[in-house]
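What follows is each chain in one-letter form.
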Amino acid sequence: MKALIIDDERLARKELTNLLQEYPEIDIVGEAVNAEDAQEKINSLKPDLLFLDIQMPEKTGFELLESLDNVPEVIFTTAYDEYALKAFDFNALDYLLKPIEPDRLKDALNKLLKRVQPEEVGGEAEDKKLGPNDRVFVKDGDKCWFVKLENIRLFESDGNYIKIYFDNFKPMIHKSLNALDERLDDRSFFRASRKHIINLTWVESIESWFNGGLMVVLRGGDKVEVSRRQAARFKEMMSL
């Protein structure tokens, strides 16, 4: 995995580099001294993993993550323990206090490898599907969210974008519904029609609708039509 070390302290970067020499699966592709430098290198080097300091000049590590369109895996490295709770709001893999202990680094990297290594099914690698307990990063303009999928009740196609319904928010991301459908666990999310994917745990009631279709009402009042083509499959999934 390609890793980028982001820290304004040269000695801290050097210490971590030395510790990572024991892990051939981690390829350090660069170092950054602040958030601006990091953003340029993330865009050009496309790392899979960030070792990220929190307190840096001008912008914090949190502000850096909020500015990214695509967030790699993150292991925070910091001298301060008061940011731990906030770090996990950003779906951090781990939170290492400086000076970094080799055993804690080993634990963090073991978590990383378990998360990113695909499961073997029938001898072939299969991409992990996203389920209710996974968090996703959503960015719409200047606003960003890390949302647990169980809190997203509906995905709606709108041209080349997807509108995401959670809480009182409806941000839009540039992605196709087909591509998203392939990433979601179909035990929790159902492709209701060409335009909609619903979270099955949010279904409150179901009504018969025109031409053999169904009308699904979600908690909160959103209504989604299930196409005739998908209605039979939906009944089968939701029946004993």
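Residues numbered from 1 in each chain as written. Predicted model: local features only at pLDDT ≥ 70, side-chain atom pairs only at ≥ 80, totals over all residues. Heavy atoms only, no water.

(A) Representation of the packing of aromatic side chains in the model. Enumeration over the complete set of coordinates arrives at six aromatic pairs. Ring plane angle 55° and centroid distance 5.4 Å describe the contact between W145 and F169, whose orientation is recorded as tilted. Remark: F169 occurs in the loop between β11 (161–166) and β12 (172–173) and W145 occurs in strand β9 (residues 143–148); sequence separation between them is 24 residues. W145 gets classed as buried once you look at its relative accessible area, which sits at 16%. (Phe/Tyr/Trp six-rings, centres within 6.5 Å; stacked < 30°, edge-to-face > 60°. Helix = DSSP H or I, 4+ residues; strand = E, 2+ residues; numbered from the N terminus. Buried < 20%, exposed > 50% of the residue type's maximum accessible area, 1.4 Å probe, protein only.)

(B) Structural context of the UniProt feature "modified residue: 4-aspartylphosphate" (unreviewed entry) in the protein chain. Taking the UniProt record as the reference, the feature "modified residue: 4-aspartylphosphate" (unreviewed entry) is found at D53. Positionally, D53 belongs in the loop between β3 (49–52) and α3 (61–66). Overall, D53 belongs to the buried group, its relative accessible area being 3%. Setting aside residues no more than four positions away along its own chain, D53 makes contact with I6, D7, D8, G61, T77, T78 and K98. (UniProt positions renumbered as here; feature names shortened; annotations may be inferred. Contact = heavy atoms within 4.5 Å.)

(C) Representation of the nonpolar core in the model. Residues I6, L52, L64, L65 and F76 are the most contacted members of the largest nonpolar core, which totals 23 residues. The set of elements that each furnish at least two residues to this core consists of β1 (2–6), α2 (35–45), β3, α3 and β4 (73–78). Those residues within four positions of F76 in sequence are excluded, and the remaining contacts are L52, I54, F62, L65, A87, A92, D94, Y95 and L96. (Core = buried A, V, L, I, M, F, W, Y, C linked by side-chain atoms within 4.5 Å.)

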